[in-house]
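# Observations on the three-dimensional arrangement
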Amino acid sequence: MNADSLVGRNLLSINDLSATGLAEVLEVAESFVEVSGRSVKKIPALKGKVVASLFFEESTRTRLSFETAAKRLSADVLSLAVASSSVKKGESLKDTIETIESLGIDAVVLRHRSSGAPHQVAGWVKGARVINAGDGTHEHPSQALIDLFTVRRALAERQGVESRDSGLSLLKGAKVLIIGDINHSRVARSEMLAYAKAGAQVRVIGPGTLLPSDVGIFGAQRADDLEKELANADVVSLLRMQEERGSGDFVPSLHEFSALYGIDERRAALIRPDAVITHPGPMVRGVEVSSAVADDPRMLVRQQVANGVPIRMAILFLALSTPGESLHG
Amino acid sequence: MAELIMIQGGTAVFDSGTRQVDLIIRDGVIAEIGERLSVPAGAEVLNAEQAWVGPGFVDLHAHLREPGGEAAETVASGAAAGVKGGYSALVAMPNTVPAIDSVPVAAHVLDLGRRSMLDVVPAGAITIDRAGERSAPMGELAALGLTFFTDDGMGVQRAGVMRRAMLYAKGLRLTLAQHCEDESLAGGGCMNASALSSRLGLAGRPAIAEEAMVARDLLLAEHTGASLHLLHLSTARSLEMVKAAKARGIAVTAEVAPHHFTLTEACCEGYDPLFKVHPPLRGASDVQALAQGLRMREIDAVATDHAPHAPETKDRPFDEATPGMLGLETAFGLTLEALGGDDADPVLLFELLSRNPARIAKLTAGDERRHGLSAHGGDLSVGSDANLVVVDPSTSWVVDRNQLASLARNTPYDGRTIRGRIRHTVVAGSLVLNDGEFTR
Amino acid sequence: MANRERRHTRHPGAAFVVHADVMSADDVARALTRMAHEIVERNHGIDDVVIVGLQTGGLELAEALVARLEQITGVAPPLGALDVAFYRDDLGLRPVLPEAVTSIPGDLTGKRVVIVDDVLFTGRTIRAALNALGDFGRAASIQLCVGVDRGHRELPIRPDYVGKNLPTARDEMVDVSLEGVQLGRMVPR
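Throughout, residues of each chain are indexed from 1 in the direction in which the sequence is written. Written order determines the labels here, with chains lettered from A and ligands numbered from 1. Note on the predicted model: pLDDT of at least 70 is required for a residue's local features to be given, and 80 or more for side-chain atom pairs to be given and counted; whole-chain, interface and lining totals, by contrast, use all residues. In computing side-chain values, all of the structure's heavy atoms are included and hydrogens and water are not.

In terms of regular secondary structure, chain A is built from eleven helices and nine strands. As defined in this context, the radius of gyration uses C-alpha atoms, and a globule is described by 2.2 Å times the residue total to the power 0.38. Relative to a compact globule of 329 residues, whose C-alpha radius of gyration would be 20 Å, chain A shows 19 Å and is just as compact. If one aligns the C-alpha atoms of chain A with their principal axes, the spans along those axes are about 55 × 50 × 35 Å. Remark: exposure states derive from per-residue accessible area (1.4 Å probe, protein chains only) relative to the maximum for the residue type, with buried under 20%, exposed over 50%, and partly exposed in between. When the 329 residues of chain A are sorted by exposure, 60% land in the buried category. Strands here mean DSSP runs of E at least two residues long; helices mean DSSP runs of H or I at least four residues long; both are numbered from the N terminus.

Below is the structure:
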């Protein structure tokens, strides 16, 4: 827990990393941004390694992003499409993992509807690294790392400095406001932990039914005056209303949620011009964000998508490296 | 039952205190009690030195899974686990498949019990199929000798249904036992609702879900005058309410399960479904309050909520895994520890594990309906039925999930060192466990 | 000096103890000038020549070499930097964390690329560099310039320009910078 480096380790929760470990992922990802800009976007770093991508819950963009990352590192990708698999025939998660592992894999990228499934899988596998690609309402660490990376680059650009080698300095002290359904959002949990670890001041706001009883355990504080907070924030993080997790049952209507917490043009005007807005996507226009705001120049959602691949390359590269003594030459 | 047994050199635990005596058991009853008795010819002599001799334990809360769940446990295997844990009688919970909500199923379980190592009495369901709607035929089941009714696994959710059941049960002198959790508050949850559940991203079953139903049922019991037993209470607040209700003269008894006074919610941190149980493991202050409640005699009984599960129902994600854990083979040592280990009062221990539960299940010599079974939980006296246990309070052992008599392996205590070992168990005058080993 | 410190601090459990000063700063400067002349001679000028320093030890020498080439020809050839961490074949034997920027000036197709590194040892870094450069275009030729060739090759790789040939023991370490060349050993702290 709280390791200074992801090298050779699982990534199950943001809590697996210290601030140093977090910064390492961001720095390595900078190198992979450069790789992604080349005409030949593939490097042989993970040649011969096998990465299994197991998505027990549909998520096209996260799956494609992880699989693209693995392929750019020259790893072989074994992709289990749940709809056509033995899981549908009643095979247990444990048996599925044992079967996949017997094929000889080095890492499992796991998305599951149940919180903690990646922790359990990490206990069942014998040698493979486990990367959490989103579990239930628990965490989505790679998304939070993407968001920090994107925000770091955007803040660096605004301040005219290099983001590379800047560590967490640009994020330190930044005022981050997370709005919406915190309770059902694994992105929010990972973001709160990651921003807090980076030294940012994290505040959350949303309907009482959609906030955890104690956000202090995530290093965040509850706020209640949306308009005042918007004017103060350096980073505004919007979340998707997760109707599939029942978050719609916790507010009288999405319309009312949108009226109280949605970011429309009037509220967007309160956000400082040099602030940034993030959204893990897909955006539900008209609920958490109005259509005009979705296209606001401060909105980083496209950069977030683009940065998905380098961050996930960094995660796979680090997790699949082995700590060892270096020899010069 | 023509066994002749002598229990030699032990500390007998009577209702009123302890005394160094030998006991001789003949024809199913205690034939002699006295200091340094001579060994009768042909007697099996049981060594009770450094050990306590008391009435066999009675569990108010065992899931024996038969019929319907024989892969996890059978009446026979559950009974064996009970004997190994020092029990001479078990109340079998009715959440079988089909549920014990009709005479044929109840008669079947009684029959399976008669062929097992100890006395098994089924609890009947309060409602048909434990669905919380139509009443089960409590009168017909009472005619078979059933006195204890519950929909355990699920509380009776609707107050109106519970009130009617209480009015009906009162007329038949039956006890209703409630699993207190309001599903509109707990539904979908899989661990205690707390900062930890929030961090783990697991939906919570809040304490208030239990407490709201405890409060409701105490009011209903007062209102109807029915006899109410509260199953596996898990919070300090629930205990406080029971204490206040008893002071008001409400006919209520309460049990706690060993896992609730030994394990905290922190066990759930690794997402191991072995620690998933309803009601859930709570925070440290509740755990301490329950242990304290045992020592203060604010709780009537320790009941195991022994809940065997086949591995495939536990090797699942935490939210999908079935709730429940084993308890029969570990309850004694854990209760001893909660009562203070070396300082534990053996009289209190036998109250909690034997005498009070026997009274609640109406299995004592004074109860007229006992399914034709022998009497349990009595004071040690010449002529009384010989349901006895000899326990060694100072020897430690290590729990090994693969060495359990239960068919299931879902103990949360695997690898834990437990002080307090069951040496001998005598059921209806017959030696079934001799120095920790089954006799047949 | 920054590079030297960086290299040395990557060994948290050991210290670099020097037992011989092999070249002075002047010796290094003379060697660089000689190698710059050799590059001009061999390539008949520096048209199409691209200098690529390997991160991190080769970059300082590459920069100095570019400066010499500019003095000699009046034109500074393009300078690139390459981090070969991702191309190594010994991932798992050593921490191969990327520690520096890769920036290659344009497509290398048709260029005469001179790889510059501080020390040539097993040859594995150069093999990785050759693989990496392949991803930036089809160079007309690739040449190798090293500050010190210390022997112990594990691959069929030979330098085109050498500052100094230095016989070493396998467990010795060579440190090359513009301030000089030192031979020493890593000693556990």
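With that settled, the discussion passes to the overall build of chain B. Within chain B, the regular secondary structure consists of 13 helices and 19 strands. For chain B, whose C-alpha radius of gyration is 21 Å, the value lies close to the compact-globule estimate of 22 Å for 440 residues. Each principal axis of the C-alpha distribution contributes one length, and for chain B these read about 65 × 45 × 45 Å. Contact definition: two residues touch when any of their heavy atoms are within 4.5 Å. Residue pairs in contact within chain B that sit at least 24 positions apart in sequence constitute 73% of those at least 6 positions apart. Computed with the Shrake-Rupley method and a 1.4 Å probe, the accessible areas treat only the protein chains shown as cover for residues. For chain B, the accessible surface area stands at approximately 15100 Å², while carbon and sulfur atoms represent 50% of it. Positive charges are assigned to Lys and Arg, negative charges to Asp and Glu, while His and the chain termini are left out of the count. Charge positions come from single atoms, namely NZ of Lys, CZ of Arg, CG of Asp or CD of Glu. The average position of the 39 basic charges and that of the 55 acidic charges among the side chains of chain B differ by 4 Å.

Glancing now at the interface of chain A and chain B. Counting residues at the interface gives 18 residues for chain A and 15 residues for chain B. Accessible area that two parts lose when put together, with a 1.4 Å probe and added across both, is what the buried area reports. Across the interface of chain A and chain B, roughly 1400 Å² is buried in total on both sides, 51% from carbon and sulfur atoms. It is S115, Q120 and I217 of chain A in chain A that bury the most area against chain B; as a group they hold 31% of the surface buried on that side. By convention in these notes, a salt bridge is any Lys or Arg side-chain nitrogen within 4 Å of a carboxyl oxygen on Asp or Glu. At the surface where chain A touches chain B, the tally comes to two salt bridges. For D315 of chain B, the salt bridge goes to K94 of chain A, with nearest N and O atoms at 3.4 Å. Definition of a polar contact: a pair of N or O atoms within 3.5 Å, with one able to donate and the other able to accept a hydrogen when the atoms are protein atoms, and with sequence-neighbouring residues admitted only if both atoms are side-chain atoms. The tally of links from chain A across to chain B stands at nine residue pairs in polar contact (both at pLDDT 80 or more). Residue assignment for the side of chain A that touches chain B shows that the elements contributing at least two residues are α3 (93–102) and α4 (117–124) of chain A. Residue contributions to the side of chain A that touches chain B peak at three residues, all from α4 of chain A.

All names here are of chain B. A domain assignment, automatic or from a database, supplies the domain bounds used here. The domain architecture assigned to chain B consists of domain 1 (4–53 + 381–404 + 411–438) and domain 2 (56–371). The C-alpha-based centres of domain 1 and domain 2 are spaced at 26 Å. Taken together, the contact pairs 35 residues of domain 1 with 36 residues of domain 2. Interface area for domain 1 against domain 2, summed over the two sides, is near 2900 Å², with a carbon-plus-sulfur share of 67%. Where domain 1 packs against domain 2, one counts three salt bridges. The salt bridge partner of E337 is R416, with a shortest N-O separation of 3.2 Å. Seen at the junction of domain 1 and domain 2, the total is nine residue pairs in polar contact (both at pLDDT 80 or more). Elements with a contribution of two residues or more to the side of domain 1 that touches domain 2: β5 (52–55), β16 (388–398), β17 (417–427) and β18 (430–434). Among the elements that line the side of domain 1 that touches domain 2, the one with the most residues is β17, at eight residues.

Before going further, it helps to spend a moment on the pairing of strand β10 (residues 175–178) of chain B. All names here are of chain B. Burial of the side chains of β10 extends over both faces: T175 and A177 are buried on one face and L176 and Q178 on the other. Paired strands, as defined in this entry, are two strands with at least two bridges between them according to DSSP. For strand β9 (residues 148–150) and β10, the ladder comprises three bridges, and the chain directions are parallel. Its bridge partner being in β10, F148 is matched across the sheet by T175. A crossover counts as right-handed when, viewed with the strands pointing away from the observer, the path leading from the first strand over the helix to the second turns clockwise. Traced from β9 through helix α4 (residues 159–171) to β10, the parallel crossover comes out right-handed. Across four bridges, the pairing between β10 and strand β13 (residues 227–230) is parallel. Considered in β13, the bridge of T175 is made with S227.

A cis amide bond, omega -10°, links H278 of chain B with the succeeding residue P279 of chain B. Cis rather than trans, the peptide bond between Q55 of chain C and T56 of chain C has omega equal to -5°. Tracing the backbone shows T56 of chain C in the loop between β2 (49–54) and α3 (57–73). Positioned with a positive phi, H232 of chain B is a non-glycine residue whose angle comes to about 25°. Along the chain, H232 of chain B falls in the loop between β13 and α8 (236–247).

All right, on to the sheet that holds strand β8 (residues 119–122) of chain B then. Residues and elements named next belong to chain B. Here three strands make up an open sheet; going across it, the order is β6-β7-β8 and the pairing parallel. Looking at strand neighbours, the two that pair on one side only are β6 (57–62) and β8, the edges of this open sheet. For this sheet, the mean inter-axis angle between neighbouring strands, taken without regard to orientation, is 20°. The sheet contact formed by β6 and strand β7 (residues 87–92) spans four bridges and is parallel. The residue of β7 that forms the bridge with V58 is A89. Against the sheet, helix α2 (residues 103–114) makes contact with β7 and β8, and its axis sits at roughly 170° relative to β8, the strand it touches most. Between the N-to-C directions of two axes lies an angle of 0 to 180 degrees, each axis being a line fitted to C-alpha atoms and, for a helix, fitted only over the stretch in contact.

Turning our attention to the side chain of D286 of chain B. Residue and element names in this part refer to chain B. Residue position: D286 is located in helix α10 (residues 284–295). There is no salt bridge for the buried D286, and the closest opposite charge comes from R282, which lies 5.2 Å off by N-O distance. Among all residues touching D286, those that are not within four sequence positions of it are S234, T235 and A236.

Turning to the packing of aromatic side chains, a few remarks are in order. The rule is short: rings of Phe, Tyr and Trp, with Trp giving its six-membered ring, pair when the centres are within 6.5 Å, and they are stacked under 30 degrees, edge-to-face over 60, tilted in between. Evaluation of the coordinates by the stated rule reveals seven aromatic pairs over all chains. With centroids separated by 5.6 Å and ring planes inclined at 70°, the aromatic side chains of F57 of chain B and Y87 of chain B adopt a geometry described as edge-to-face. Within this pair, whereas F57 of chain B is found in strand β6, its partner Y87 of chain B is found in strand β7, the two being separated by 30 residues in sequence. Exposure class is identical for F57 of chain B and Y87 of chain B. Each is buried. Plain terms: the ring middles of F57 of chain B and F332 of chain B are 5.8 Å apart, the flat faces sit at 25° to each other, and that makes the pair stacked. Of this pair, F57 of chain B sits in strand β6 while F332 of chain B is found in helix α12 (residues 331–338), placing the two residues 275 residues apart along the sequence. By the ring-pair criterion, three or more aromatic residues cluster together here, those being F57, Y87, F332 and F350 of chain B. Two conditions define a charge located above a ring, namely a distance within 6 Å from the ring centre to NZ of Lys or CZ of Arg, and an angle within 35 degrees of the ring normal. For the cation-ring pair, R312 of chain A lies above F66 of chain A, with the distance from its terminal atom to the ring centre recorded as 4.8 Å. Directly above the aromatic system of F121 of chain C lies the positively charged group of R150 of chain C, at a separation of 3.8 Å from the ring centroid.

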